[in-house]
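Each chain, written out:
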Amino acid sequence: MAWLLICWPITILLIILGMGHAAEKESSMLGATAKGTVILGGIFAVHEDVEKENRTFAPHLHPCIRLEARGLVSMLAMINAVEKVNRSPLLADVNVTLGYHILDSCADVSTALRATAHFIERSHCPGTTSCGPPVLAVVGASNSEGSIAIARQLTLEMIPQISYSSTAVTLSDKRRFPAFMRTIPNDRHQTAAMVSLLSTYGWTWVGVVITDGNYGQSALENFVSQASKHGICVAFKSIIPQAVGSQDVRSAITQTARTIFENPAAQVIVSFAKPTLMVYLYQELKNQMLRGGRDLKSMRRVWVASDSWSSSSSVKENIHLEDMGHVLGFTFKSGDLSSFNEYLSRLEAAGYSDTGDNVFLQELYTQLNASEGYGDTALVSKAVETLREHTHASTIFSVEMAVSAIAQALVSVCRNRDCRTPGTVQPWELLKAMWMEEFKLRDKSFKFDSSGDINLGYDVTMWRSDGENIHVQNVVAEYHPHNNSFTHSTHSTAQQLNALKHIISKCSKSCVPGESKKTTKGPHTCCYECAICSANYYSNDTDMAQCLSCDPVTEWSPEGTSSCLPKDRLFFSWQDPFAMVLLTFSALGVIQNLLVSALFLQQQDTPVVKAAGGPLSQVILFSLVISDISAMLFVGRPNSLQCKARQVLFGVSFTLCVSCILVKTLHILLAFQFNPELHEVLRGLYKPYIIVAICVSLQAATCICWLVLKSPYNHIVNNPTTLLEACHEGSYLAFGVMLGYIAVLVFMCFICAFKGRKLPHLYNEAKFITFSMLLYLISWLLFVPVYITTSGVYLPAVEMVVILISNYGILCCHFFPKCYIILFKKEQNTNTAFRKKLYEYSNNTTDVVSVSVVTNCREGVTCPSLHRGSITRHCCERSNSI
């Protein structure tokens, strides 16, 4: 206690001495000074606030309150950096030393402006020794609002200012702040990093808490702007006033806590608030939970902390991480702390009495001693321990960079001049050198960019708790601004970050693949409903803004699917059971026609074969073979040649078949026509092979015109779920003309055959021809409406069936009865049997018809002659007439 009685007067005396020359003005500022050839100014927020109670209208300095260890550490970092530079050979080469004059802004803009005015006043001081060397550069301030105010003043004299933690974007505007520089990136990069992190985890519905002022407003503006571009919506914005002790702060924090609980879907909160305000907010959240009787776990959130509190010791000491949730912090790049740790060790070794002109250390000693009553050694040790706890590597590194940049710029300017005399170096010259040249720190080179910033990216830290204390875990990820990406430090940290992926922070439930977002009425695009993708549309990811269209030519999809399905290619395949049946009938038709042809060749001299047409029967059978083969072309994957050949082969071959049948019907009528005049006309017109040639030629001409002008081709019919490969007839008019022409010939055959239906049975095929032609007409008449109304893979089968019916109709009606007689009724396949049938026919006629047998003089063949009245006609003119 005796020691305390001795120390208190000494402490008070040192504080009075530290007030300096400002005592002449009714006010004084606390600071730390050291002599040197060139003086650097420093403005640090060593105290947290000022006493705002107004007792007078006269200008006065508000007393600072609540010493902040973090601000004191930043100030000591500058002192250490200056001392380190002075010990290096860098300044010795130009025979200069650095001194410093550091003042406390107390986190108050007005106080910071007073400090700035004091620095400028030194520059304009008349050449008296009381003023000392002018301040050529200023390090500070810590917050953006203070830096903006200071920069406006320093710009008037173009005194370079380097901030180590002011991040407002507006300070990068060199038209407004040409003398301002900083060793950190601006908030645009920090907010971009935050947005990238939120996008990585799919957190699209977040709250934002800021401290009012240039820093908070600038950060909020940039965050909202960049978040909206990435589909991230701000659920709420809470703005807390800066003045920590005001009543407005308390009410704002209460409202902020209430807003957080009213937005349970916003599980992620981005905070640009001051550390003290974050402590107050945590306490208010906890109090409201307890008052409401709710579980503290329900207040857990993911807090994305800005550089303002991401490594704050005061926050870590006053919250429980289990209640608060997860904290992901963004910090500036860090450097080596060994130099600063050595400095703190020297402070501890120097003891209580060696504080020099640093009144802030004295205040720290006094504050600690008042609470615990330490001895000298224990007091210093406790003070250094406190300083170490509030040491942040990123801040130390930024301060060291600022001092190094100024020192190396000074060396560049003083290399060709003597800078020991005050006024030799102008502040703007130092500013120019810093803009133009690189500087080094621990063997690494740095340079200010065109905005006066140094952007090294960010480290992402994750807070963790061991049950009692909260620790800021080592860097879990690094943000690279040049490509807006993150890299994980280690595999284990990557796993820890991946554990956050189960946390959902969305306004609406995610739309699963197969659905798309349908924005509801409201200001936020993040609040939506999920709409099922319609047919032929799909979505293959969650929360897609719209469904994607399938390729309408080759793909399709049912409703609510996550991918497109390839359309099945369909055609009348060889493997189709129905096709196999039809192909079997076609093959049997070919075989049967060939067998009948062989039988007829063997029996070509018999009356039955001659009555069937003789050589013409072979032509008919050949045409039926070709027609059966053409039917086979309707099966299989269509190609251009196949599409052209199948209709032409059928048209020409069946026309040949019907033409021969027409000749046969005309032959029958001619043989049994008893009208002399008509008989002579028919004999003149009856030229069998010419008639066949003309009929076939007309059909061939039609097909050639069809192939030349608009031929059939293979094409793909695009159905909703399938692709149908089919033949297009090219010209349906030509197709109709071809079928119509055959129909005309068939109809002629039908008429002629119908007229001769009562002729002698063995001489007469008219009934069979009539039936086969009638079968053809009926089948093709049915074919037309079926063909027009049918679509799909079995359309070729329709025509194939009709072709086979036509072929089998002719084969069965024309040839099978003859084959039956040849094979099983051989006694009827004789000339005698044929004469007998003619006599029976003549006896059954209504008129008197006499039958005589005459001998063909030319061939010696006996043929029957029919006598009707007085007229005698020979039924046979040639040996093959009957």
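Cut-offs used in this document
- Residues numbered from 1 in each chain as written.
- Predicted model: local features only at pLDDT ≥ 70, side-chain atom pairs only at ≥ 80, totals over all residues.
- Heavy atoms only, no water.
- pLDDT = per-residue confidence, 0-100.
- Helix = DSSP H or I, 4+ residues; strand = E, 2+ residues; numbered from the N terminus.
- Contact = heavy atoms within 4.5 Å.
- Phe/Tyr/Trp six-rings, centres within 6.5 Å; stacked < 30°, edge-to-face > 60°.
- Buried < 20%, exposed > 50% of the residue type's maximum accessible area, 1.4 Å probe, protein only.
- Lys NZ or Arg CZ within 6 Å of the ring centre and 35° of its normal.
- Core = buried A, V, L, I, M, F, W, Y, C linked by side-chain atoms within 4.5 Å.
- Salt bridge = Lys/Arg side-chain N within 4 Å of Asp/Glu carboxyl O.
- Pairing = 2+ DSSP bridges.
- Axes fitted to C-alpha atoms, helices over the stretch in contact; angles between N-to-C directions.

Undergrad: Where do I start with the confidence of the model for the protein chain in this structure?
TA: For any part of a model where pLDDT is low, the fine detail of the predicted coordinates should not be relied upon. Residues of the protein chain with pLDDT of at least 70 account for 86%, and the chain-wide mean is 83. Across the protein chain, element-level confidence peaks in strand 7 (residues 161-163) with a mean pLDDT of 97 and bottoms out in helix 1 (residues 2-17) with 35. Segment residues 1-27: pLDDT under 50, and 28 contacts once partners within four positions in sequence are set aside and those in other chains are kept. A low-confidence stretch, residues 846-882 stays under pLDDT 50, and its non-local contacts, those more than four residues away or across chains, total 69 contacts.

Undergrad: What's the story with the packing of aromatic side chains in this structure? I'm lost.
TA: Aromatic ring pairs are reported here in terms of the distance separating the ring centres and the angle at which the planes meet. In the structure shown here, the tally under the stated rule is 27 aromatic pairs. Aromatic pair F439 and F448: ring centres 5.8 Å apart, planes at 35°, arrangement tilted. Assessed through its relative accessible area of 2%, F439 is described here as buried. Exposure remark for F448: the relative accessible area of 3% places this residue in the buried category. Pairing F572 with F578 gives two aromatic rings, centres 6.3 Å apart and planes at 65°, and the pair type is edge-to-face. Classification of F578 by relative accessible area gives partly exposed; the value is 35%. Aromatic ring contacts, followed pair by pair, group F650, F654, W706, F735, Y776, W780, F783 and Y787 into a single cluster. The ring of Y280 carries R250 above its face, with NZ or CZ at 4.4 Å from the centroid. The ring of F261 carries R294 above its face, with NZ or CZ at 4.9 Å from the centroid.

Undergrad: Looking at this structure, I do not really get the nonpolar core. What am I missing?
TA: Nonpolar side chains in soluble globular proteins tend to end up buried together. L72, M75, L76, M78 and L98 are the most contacted members of the largest nonpolar core, which totals 69 residues. In terms of residue count, the dominant contributor to this core is helix 15 (residues 393-414) (14 residues). Excluding residues that lie within four positions of it along the chain, L76 makes contacts with F340, Y343, L347, N358, L361 and L387. Judged by nonpolar contacts, the second largest core, of 66 residues, contains C703, V746, F750 and M773.

Undergrad: Which parts of the structure should I look at to understand the pattern of salt bridges?
TA: Pairs can form between side chains of opposite charge once their charged atoms are near each other. Under the definition given, this model contains 14 salt bridges. Among the salt bridges present, the one from D49 reaches R66, with a minimum N-O distance of 3.9 Å. Pair noted here: D49 is in strand 3 (residues 47-50) and R66 is in strand 4 (residues 64-67), with a separation of 17 residues, a long-range link. When its relative accessible area of 36% is taken as the criterion, R66 is described as partly exposed. Between D453 and R182 there is a salt bridge, and its shortest N-O distance comes to 2.8 Å. Taken together, the positions of D453 in the loop between strand 15 (444-446) and strand 16 (458-465) and R182 in strand 8 (residues 180-182) put the pair 271 residues apart, joining distant regions of the chain. For the pair formed by D453 and R182, the shared burial category is buried. The structure contains a network of salt bridges with shared partners spanning E48, D49 and R66.

Undergrad: What am I meant to see in the sheet that holds strand 6 (residues 135-139) here?
TA: Whether parallel or antiparallel, the strands of a sheet pair through hydrogen bonds between backbone atoms. The strand order across the open sheet built from six strands is 1-5-2-6-7-8, with neighbouring strands paired in mixed fashion. Each edge of the open sheet is held by one strand with a lone partner, namely strand 1 (31-34) and strand 8. Averaged over all neighbouring strand pairs, the angle between strand axes comes to 20°, with direction disregarded. Where strand 7 and strand 8 come together, three bridges link them in parallel fashion. Bridge pairing links Q161 to F180 in strand 8. Strands in contact with helix 5 (residues 144-157) are strand 2 (38-44), strand 6, strand 7 and strand 8; relative to strand 7, the strand with the most contacts, it is inclined by about 165°.

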